[in-house]
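# Topology and contacts: notes
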Amino acid sequence: MSCQTNIHSICVKRYDTIAIRCEYLDDTGLPINLTGITIKSNLVADNSDPSPTPIVMTVTVVNATQGVFELSPPNSSLNIGSYKADILFTKTGNRLSSETFALRVVSAITVP
């Protein structure tokens with residue numbers, strides 16, 4: 001089973017609203033029903049810090065029966081830089097699977 005974000009590296013501009021839509025799919029590409037499944041996701045700066053402080057992502061289920069959910073950081077104004085994110089799927093406390101992807105925040109030319 002895997003979470004397909006359709007890309008494994010996402011690039012956004014600073015100050016953009018970040019909402020990453022994902023689908024939880026089985027090995028044949030069919031959606032997995034999210035009912036009863038807990039989804040957690042953390043984001044950390046991808047730098048040389050050996051113990052980076054995780055940012056807990058907000059998980060919003062969009063369509064449970066079709067396995068669709070969205071991830072967003074609690075503060076959309078992330079600092080410029082590279083990040084790694086991990087999505088963890090559990091059911092009744094047991095790990096089902098996890099997926100890792102990269103997020104890069106670049107500078108905006110026009111700022112608020």
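The paragraphs below set out a description of the structure included in this document. Residues take numbers from 1 onward in each chain, read along the sequence in its written order. In keeping with the predicted nature of the model, local features appear solely for residues at pLDDT of at least 70, side-chain atom pairs appear and are counted solely at 80 or more, and the whole-chain, interface and lining totals rest on all residues. To obtain the side-chain values, all non-hydrogen atoms of the structure were included, while hydrogens and water were left out.

Only runs of H or I of at least four residues qualify as helices and only runs of E of at least two qualify as strands under DSSP, and these elements are numbered from the N terminus. A tally of regular secondary structure across the protein chain gives 0 helices and 9 strands. Its helices and strands in sequence order give the protein chain the pattern β-β-β-β-β-β-β-β-β, from N to C terminus. In this treatment the radius of gyration is a C-alpha quantity, and the globule benchmark scales as 2.2 Å times the residue count to the 0.38 power. In summary, the protein chain has a C-alpha radius of gyration of 15 Å against a globular reference of 13 Å for 112 residues, a match within 12%. With the C-alpha coordinates aligned to their principal axes, the bounding extent of the protein chain is approximately 40 × 30 × 20 Å. Taking all 112 residues of the protein chain together, 32% fall into the buried category. Taking the contacts inside the protein chain whose residues are at least 6 apart along the sequence as the reference set, 59% of them involve residues at least 24 apart. Just so you have it, the protein chain exposes about 6600 Å², and 50% of that area is on carbon and sulfur atoms. Charged residues are defined narrowly, with Lys and Arg counted positive, Asp and Glu counted negative, and His plus the chain ends left uncounted. All charge positions are set by atom: Lys at NZ, Arg at CZ, Asp at CG, Glu at CD. Taken as two groups, the 8 positive and 9 negative side-chain charges of the protein chain have centres that lie 5 Å from each other. Relative accessible area decides the class of each residue, using a 1.4 Å probe on protein chains only: under 20% of the type maximum gives buried, over 50% gives exposed, and in between gives partly exposed. Residues are treated as being in contact if the distance between any of their heavy atoms lies within 4.5 Å. In this description, accessible areas are obtained by the Shrake-Rupley approach with a 1.4 Å probe, and a residue is regarded as covered only by the protein chains that are shown.

Right, let's talk about the nonpolar core for a bit. Phe69, Leu71 and Ile87 are the most contacted members of the largest nonpolar core, which has 22 residues in total. Of all elements in the fold, only β2 (9-13), β3 (20-25), β4 (37-45), β7 (68-72), β8 (81-91) and β9 (94-106) reach the threshold of two or more residues within this core. Per-element accounting of this core gives the leading share, 4 residues, to β8. Filtering out sequence-adjacent residues up to four positions away, Leu71 remains in contact with Ile18, Ala19, Ile20, Cys22, Ser41, Met57, Thr58, Val59, Ile87 and Phe101. Side-chain atoms within 4.5 Å link the members of a nonpolar core, which is a set of buried Ala, Val, Leu, Ile, Met, Phe, Trp, Tyr and Cys residues.

With that out of the way, let us pick up the sheet that holds strand β5 (residues 55-56). Two strands make a pair as long as DSSP finds a minimum of two bridges between them. Overall, mixed pairing links the 5 strands, which are arranged β2-β9-β8-β4-β5 in an open sheet. Each edge of the open sheet carries a strand with a single partner, namely β2 and β5. The pairing of β8 with β9 spans 11 bridges and is antiparallel. Looking at β9, one finds that Lys84 is bridged to Ala102.

With that settled, consider unusual backbone geometry. Of note in the backbone geometry, Thr92 takes a positive phi value of approximately 50° without being a glycine. Examined against the element boundaries, Thr92 turns out to sit in the loop between β8 and β9.

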